[in-house]
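# Chain and residue survey
The chain contents come next:
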Amino acid sequence: MRSKTISKDMHPQQNWTANWINCANADPNQYGIYHLRKKFNLRSTYKNYIVHISADNRYKLFVNGIPVCSGPIRSDHENWWYDNLDIAPYLLKGDNIVAAQVWNMGQYASGTQISIQTAFLLQGSGSKILDTDTSWKIIKSVAYTACSINNRERLAAYMVIDPGDEVDGNKFLWNWEKINYDDSKWDNAQIIYVGSSVGHSDAGQWKLKPRNIPIFREENIHFKEIRSAEGIKESQWFNENSGKLNPIYIPAFSTVRILFDQTFHIVAYPELYLSKGKHAKIQLTYAESLFDEYGNKNNRDEVDGKYLIGNYDIFISDGGENRMFRPLSIRAYRYVQLEIWTKDYPLIINDLFGVRTGYPMKLNAEFNSNDESIKHIWSVSWRTLMNCTGEGFYDTPYYEQLQYTADSRIQALAMLYTSGDDRLMRKCIMDFYNSRTTDGLTQSRYPSKKFQVIPAFSLFWISMIYDYWMYRKDDDFIQQFLPRINKILSWFELHMDQQKKMLGPLPYWNFVDWDNFNSWGTAPGTEEGSSSIISLHLAYTLDQAIELFTAFNESKKAMYYKKMTRDLKRNTYLHCFDEEKGLLADTPKKNSYSQHANIWAILSDAVKGTSAQILICNLLIDNSIGRVTYFYRFYLNQALKKAKMADLYYSLLTPWREMLKLGLTTFAEKPEPTRSDCHGWSASPSYDFLATILGIMPGSPGFATVIIQPALGELTKASGRIPHPQGFISVSFKRKKENRLLSSITLPENLTGTLIWKGKKIQLTPGKQHYEC
């Protein structure tokens with residue numbers, strides 16, 4: 001039975017008495033895995049025993065041999081997170097042991113890992129008996145080696161996750177975390193600094209802050225199928241009653257390859273249990289999909305004639321009984337290939353399964369319609385969102401696990417609509433605030449050990465703040481960001497072409513969308529100046545900023561930016577609109593056109609009313625222009641709504657239907673050929689089914705009122721609910737002949753709003769109500 005960690009919401013710890021500790025005989029900045037132990041005696045048990053715990057890079061805590069928690073969430077120097085845990089349920093009267101495995105991936109660390117040096121800290125509340133100091137015992141493991149570190153070896157793609165673990169069971173300190181283990185030959189820990197919530201005068205020390213998102217879930221998920229097996233006879237692989245793997249016997253001097261299929265994409269810690277087979281080598285390789293001889297994925301369900309390549313871990317058996325291997329970092333996969341090379345002794349594979357983990361997000365929304373096929377889109381979109389939600393909004397759990405602003409805005413909205421949980425959105429907004437650069441922008445991804453700026457992503461950060469303002473009443477949280485919003489807008493103003501009143505040349509990487517413009521997705525006009533895409537994106541964001549400044553009594557700034565946005569809209573349209581094509585060009589040169597420029601023209605109100613509807617028609621039918629991929633389809637859908645053409649949304653779900661036909665169980669980064677089979681920004685149907693088809697939107701800031709404007713398209717029935725700060729908003733729609741609509745709507749207590757259908761408006765009141773319009 002897996003233990004359940006109890007997490008306590010607590011005020012920040014101010015009086016730190018525990019010290020950051022490490023191993024005196026090891027390089028604190030290089031790759032290393034360490035074991036730490038503290039024995040102590042209790043005269044009685046406790047109702048509560050709170051500990052505050054953190055590490056650089058990571059830790060896994062054991063109490064009396066029971067795994068309790070892993071952490072901390074990714075941090076930066078000014079915001080180093082610690083966990084608050086109640087370990088009382090695991091403590092005993094008499095002798096106890098608290099143990100921790102701590103690791104620093106050093107030169108192999110993931111792109112999201114910021115680090116100062118290897119260190120561990122634990123402090124008990126009300127007693128100093130557990131405080132980390134020289135009484136703790138520590139040893140560096142010699143069993144671990146980094147593997148799966150060469151991208152050419154695993155996958156020829158941009159990949160910045162943690163390395164694989166190669167563990168030699170013959171060198172591993174089995175049972176090190178248990179009370180009776182003899183640690184007399186271990187070293188005493190070395191003190192670095194006392195813990196601090198305000199930081200030290202010495203540069204580059206950890207400023208401790210309490211974890212601001214919940215402890216992650218863990219759930220055992222067994223494999224569903226074995227798709228192929230080489231070097232071993234076919235057998236009854238799974239237990240019919242439990243679904244668990246039956247023991248697999250591997251003779252001596254054998255080479256065996258078994259392909260496991262989870263049947264759906266998952267983020268988990270694989271756990272492998274085995275016995276005997278001394279010196280046998282076992283490799284676990286993880287893949288979202290298999291590849292054909294030409295390097296194409298094609299249908300993800302197909303395995304015949306394909307090969308598997310990807311991230312991997314290795315375990316060398318020591319011949320012991322029921323040994324367990326679990327990698328230090330999460331793995332994303334659908335397929336797992338188990339390869340075994342035995343030597344002089346036979347090996348028994350007792351079990352192999354995944355321990356699914358991630359942000360403990362609960363599906364509190366519902367969506368149904370008369371089209372049963374889009375239920376599959378709904379469920380796969382939710383899985384995509386769930387697999388891309390951890391200590392941040394992951395862009396892709398397999399390749400990067402980085403939090404990008406553009407991806408995160410879409411994911412945050414989907415999370416608000418499906419779960420109602422806003423804590424990760426708040427953390428994300430604050431993460432990017434903490435990433436701010438000296439010239440005024442935010443970094444494009446954060447936390448990140450490598451500096452990267454995409455100017456337009458700073459605009460998406462402003463939009464995320466605007467979204468949060470519309471969905472939550474939280475003025476103090478919002479108001480702190482207004483000066484940074486002003487600095488971002490000032491940066492763009494400094495880069496204006498004062499003659500054309502459009503943006504001039506822009507530094508950094510001006511990414512817009514994949515498969516467009518060039519191999520880097522860079523908008524035309526950003527190098528030489530006059531990009532209509534970024535200029536109109538800025539105008540759209542300025543309008544949101546104006547609303548924020550107005551709401552928080554900064555009317556002078558609001559008025560100033562009103563003139564700026566008017567100039568941008570008018571002059572970009574004037575320079576870039578092509579009468580013959582009926583579209584805005586990407587630059588005044590009019591030698592490049594895209595859906596993107598015209599989407600922003602509509603969203604920014606540079607083009608309105610009937611003209612916006614004509615623009616929508618033109619950008620949809622003209623196949624010669626740059627087309628949006630899955631990321632920018634979110635903004636295409638927003639433009640449809642702005643132009644009062646949201647009924648087209650249902651008919652534009654073809655890309656998601658095509659992904660399902662290809663056997664994808666989460667939604668991909670972009671159209672084929674795609675790198676990532678699970679990408680956060682492609683989970684937008686989780687939002688749009690509720691916000692567009694059911695049409696549930698905030699009618700005023702803080703979701704104080706609601707606007708319900710369904711866009712059923714060809715659907716005749718649609719129903720569902722979303723979580724609201726005051727309860728649930730539930731709706732049910734049935735379309736009759738002559739576009740008459742039967743509506744059943746339930747609003748929480750004290751919430752009012754408006755139902756809009758074909759230009760008719762009906763006032764909504766709290767409680768359940770029925771209308772025909």
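All figures in this text were calculated on a predicted structure; none of them were measured in a lab.

### Digging into the overall build of the protein chain
Regarding its fold elements, the protein chain presents 14 helices and 37 strands. For the protein chain, the spread of C-alpha atoms along the three principal axes comes to 80 × 65 × 55 Å. Here the protein chain holds 773 residues, and the buried ones make up 63% of them. Nonlocal contacts in the protein chain, meaning residues at least 24 apart in sequence, comprise 74% of its contacts between residues at least 6 apart. Here the protein chain has roughly 30100 Å² of accessible surface; of this, 49% comes from carbon and sulfur atoms.

### So, the environment of Lys556
Within the secondary structure, Lys556 sits in helix H9 (residues 555-576). Among the residues examined, Lys556 registers a relative accessible area of 74% and is labelled exposed. Put simply, Lys556 and Ala597 are 41 residues apart on the chain and 30 Å apart in space, counted from C-alpha to C-alpha.

### Let's talk about the sheet that holds strand S5 (residues 58-63)
Spatially, S6-S5-S8-S3-S10-S13 is the arrangement adopted by the 6 strands of the open sheet, whose pairing is antiparallel. Two strands lie at the open edges of the sheet, namely strand S6 (66-71) and strand S13 (187-188), each paired on one side alone. Two strands pair when backbone bridges link them, and S5 and strand S8 (residues 94-104) are joined in this way by 6 bridges, in the antiparallel orientation. Counterpart to Phe62 in the pairing with S8 is Ala99.

### Remarks on the packing of aromatic side chains
Inspection of the entire model under this criterion finds 55 aromatic pairs. Ring centres of Tyr466 and Trp469 lie 5.6 Å apart, and the angle between their planes is 55 degrees; this geometry places the pair in the tilted category. Of this pair, Tyr466 and Trp469 both sit in helix H5 (residues 455-471), separated by 3 residues, roughly a single helical turn. The ring of Tyr433 carries the charged tip of Arg436 above its face, separated from the ring centre by 4.0 Å.

### Thoughts on the confidence of the model for the protein chain
Caution is warranted with low-pLDDT regions, since their predicted coordinates should not be read in detail. Of all residues in the protein chain, 97% attain a pLDDT of 70 or more, and the chain-wide mean is 95. Below pLDDT 50 for its whole length, residues 1-10 participates in 28 contacts with residues either more than four positions away or in separate chains.

### Structural notes on the nonpolar core
One finds Trp461, Ile485, Tyr635, Ile708 and Ile729 to be the most contacted residues of the largest nonpolar core, which totals 150 residues. When residues in this core are grouped by element, the largest group, 13 residues, is from H5. With sequence-adjacent residues up to four places away left out, Ile729 is seen in contact with Ile696, Phe703, Val706, Ile708, Gly720, Arg721, Ile722, His724, Thr746, Leu747, Pro748 and Leu751. Listed in part, the 47 residues of the second largest apolar core include Ala99, Tyr144, Leu272 and Leu328.

### Here's the deal with the pattern of salt bridges
Evaluation of the coordinates by the stated rule reveals 44 salt bridges. The partner of Lys661 in a salt bridge is Glu658, with the nearest N and O atoms 3.5 Å apart. With Lys661 and Glu658 both in helix H13 (residues 654-661) and 3 residues apart, the pair spans about one turn of that helix. On the accessibility criterion, Lys661 (61% relative accessible area) is exposed. Among the residues examined, Glu658 registers a relative accessible area of 38% and is labelled partly exposed. Several salt bridges share partner residues, and in doing so they unite Glu225, Arg227, Asp261, Asp301 and Arg334 into one network.

### Considerations on the packing of helix H12 (residues 630-642) against helix H14 (residues 685-693)
For the pair H12 and H14, the least separation of the axes is 12 Å and the interaxial angle reads 0 degrees. As far as their axial angle goes, H14 and H12 are roughly parallel. Where H12 abuts H14, its residues Phe634, Asn637, Gln638 and Lys641 lie against Tyr687, Asp688, Ala691 and Thr692. Its residues placed into classes, the contact of H12 with H14 shows 3 nonpolar, 3 polar and 2 charged.

### What to know about unusual backbone geometry
Going from Asp56 to Asn57, the amide bond is cis rather than trans, its omega being 5 degrees. The topology assignment puts Asn57 in the loop between strand S4 (50-56) and S5. Put simply, Glu672 and Pro673 share a cis peptide bond, and its omega is -5 degrees. By secondary structure assignment, the location of Pro673 is in the loop between H13 and H14.

### Things to note about the pairing of strand S9 (residues 119-124)
In terms of burial, S9 is largely enclosed, as 6 of its 6 residues are buried. Side-chain alternation along S9 places Ala119, Leu121 and Gln123 on one buried face and Phe120, Leu122 and Gly124 on a second face that is also buried.

### Re H13
Of the positions making up H13, those classed as buried are Pro655, Trp656, Met659 and Leu660. Along the axis of H13, the buried positions cluster into a sector of 145 degrees, meaning they face one direction only. Buried residues in H13 make contact with helix H2 (373-387), H12 and H14. One or two positions beyond H13, positive phi appears at Gly663, with a value near 85 degrees.

### A short note on the sheet that holds strand S34 (residues 741-747)
Spatially, S25-S32-S33-S34-S37 is the arrangement adopted by the 5 strands of the open sheet, whose pairing is antiparallel. Each end of this open sheet is capped by a strand with a single partner; those strands are strand S25 (366-369) and strand S37 (767-772). Going across the sheet, the axis of each strand differs from the next one's by a mean of 10 degrees, ignoring polarity. Pairing geometry for strand S32 (residues 717-724) and strand S33 (residues 727-735), over 8 bridges, is antiparallel. Note on S33: the bridge partner recorded for Pro723 is Phe728. Sheet contacts for H14: S25 and S32; angle to S25, the most-contacted strand, approximately 70 degrees.

### Focus: the environment of Gly199
Inspection of the secondary structure assignment puts Gly199 in the loop between strand S14 (190-194) and strand S15 (208-210). Sequence-distant contacts of Gly199, defined by excluding residues within four places in its chain, comprise Trp206 and Lys207.

### Focus on the side chain of Arg74
Within the fold, Arg74 resides in the loop between S6 and strand S7 (80-86). In this structure the side chain of Arg74 is engaged in a polar contact, spanning 3.5 Å, whose partner is the side chain of Asp162. With near-sequence residues (within four places) excluded, Arg74 lies in contact with Arg58, Trp81, Ser110, Thr112, Gln113, Asp162, Glu391 and Pro447.

What counts and how
Residues numbered from 1 in each chain as written. Predicted model: local features only at pLDDT ≥ 70, side-chain atom pairs only at ≥ 80, totals over all residues. Heavy atoms only, no water. Helix = DSSP H or I, 4+ residues; strand = E, 2+ residues; numbered from the N terminus. Buried < 20%, exposed > 50% of the residue type's maximum accessible area, 1.4 Å probe, protein only. Contact = heavy atoms within 4.5 Å. Areas by Shrake-Rupley, 256 points an atom, 1.4 Å probe, with all protein chains shown as cover. Pairing = 2+ DSSP bridges. Phe/Tyr/Trp six-rings, centres within 6.5 Å; stacked < 30°, edge-to-face > 60°. Lys NZ or Arg CZ within 6 Å of the ring centre and 35° of its normal. pLDDT = per-residue confidence, 0-100. Core = buried A, V, L, I, M, F, W, Y, C linked by side-chain atoms within 4.5 Å. Salt bridge = Lys/Arg side-chain N within 4 Å of Asp/Glu carboxyl O. Axes fitted to C-alpha atoms, helices over the stretch in contact; angles between N-to-C directions. Parallel < 35°, antiparallel > 145°, perpendicular 65-115°, else oblique. Nonpolar A, V, L, I, M, F, W, Y, C, P; charged D, E, K, R; others polar. Arc of directions from axis to C-beta. Polar contact = N/O pair within 3.5 Å; in protein donor to acceptor, adjacent residues only side chain to side chain.

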